[in-house]
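# Structural characterization, general
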Amino acid sequence: MLVIRMTRAGSKKRPTYRVVVTEARTPRDSRVLEALGYYFPKTQPATLKVDRDRLSHWLSVGAQPSSTVKTLLKKFQEPAADAIAPVAALSQ
């Protein structure tokens, strides 16, 4: 099963995360199929950048977002109609 989740990057006390697609059974920081974007929680305000086209592709293929990724995507919705479509599919 494919899952969309975050892998940790960055140094000690300065976390950054990559939003990636990977197999559900692999460890957090192991091999990924595709990196979709990044999340910087320490910036003011926090920054989330995700390739929405690739995100919608992986969701259509059947990849399931983790609860954290799902929450972040809802929090950082873009106002464009095509960007909201994949996020609207998550709330069902």
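Everything numeric here is computed off the predicted structure, so don't read it as measured data.

Procedures and definitions
Residues numbered from 1 in each chain as written. Predicted model: local features only at pLDDT ≥ 70, side-chain atom pairs only at ≥ 80, totals over all residues. Heavy atoms only, no water. Helix = DSSP H or I, 4+ residues; strand = E, 2+ residues; numbered from the N terminus. Buried < 20%, exposed > 50% of the residue type's maximum accessible area, 1.4 Å probe, protein only. Contact = heavy atoms within 4.5 Å. Areas by Shrake-Rupley, 256 points an atom, 1.4 Å probe, with all protein chains shown as cover. Core = buried A, V, L, I, M, F, W, Y, C linked by side-chain atoms within 4.5 Å. Pairing = 2+ DSSP bridges. Axes fitted to C-alpha atoms, helices over the stretch in contact; angles between N-to-C directions.

### Notes on the overall build of the protein chain
On a plain count of helices and strands, the protein chain comes out with 3 helices and 5 strands. Mapped in sequence order, the helices and strands of the protein chain form the string β-β-β-β-α-β-α-α. Among the 92 residues that make up the protein chain, the fraction classed as buried is 33%. When contacts within the protein chain are restricted to residue pairs at least 6 apart in sequence, long-range pairs at least 24 apart make up 36% of them. Summing over all exposed atoms, the protein chain offers an accessible surface of approximately 5900 Å²; the carbon and sulfur share of this is 52%.

### Points about the nonpolar core
In terms of nonpolar packing, the biggest core is built from 15 residues, with Ile 4, Val 19, Leu 36, Leu 48, Val 50 and Trp 58 touching the most fellow members. Where this core is concerned, the elements lending two or more residues are strand E1 (2-11), strand E2 (14-23), strand E3 (34-40), strand E4 (47-50), helix H1 (52-61) and helix H2 (67-75). Setting aside its immediate chain neighbours within four residues, Val 50 contacts Val 19, Leu 36, Gly 37, Leu 55 and Leu 73.

### Remarks on the sheet that holds strand E5 (residues 64-65)
Read across the sheet, 5 strands follow the order E4-E3-E2-E1-E5 without closing on themselves; strand pairing throughout is mixed. In this open sheet, the two edge strands, each paired with only one partner strand, are E4 and E5. By the bridge criterion, 10 bridges tie E1 to E2 in an arrangement that is antiparallel. In the strand pairing of E2, Gly 10 is matched with Pro 15. Each of E1, E2, E3, E4 and E5 touches H1; the most contacted strand, E3, lies at about 125° to it. Against the sheet, H2 contacts E1, E3, E4 and E5, and its axis sits at roughly 85° relative to E1.

### Brief notes about the pairing of E2
Connecting E1 to the antiparallel partner E2 that follows it, the hairpin turn spans 2 residues, and Lys 13 within it adopts a positive phi of roughly 70°. Where E2 and E3 come together, 5 bridges link them in antiparallel fashion. Each residue of the ladder has a partner; that of Val 20, found in E3, is Ala 35.

Keep in mind these values describe shape, not function.
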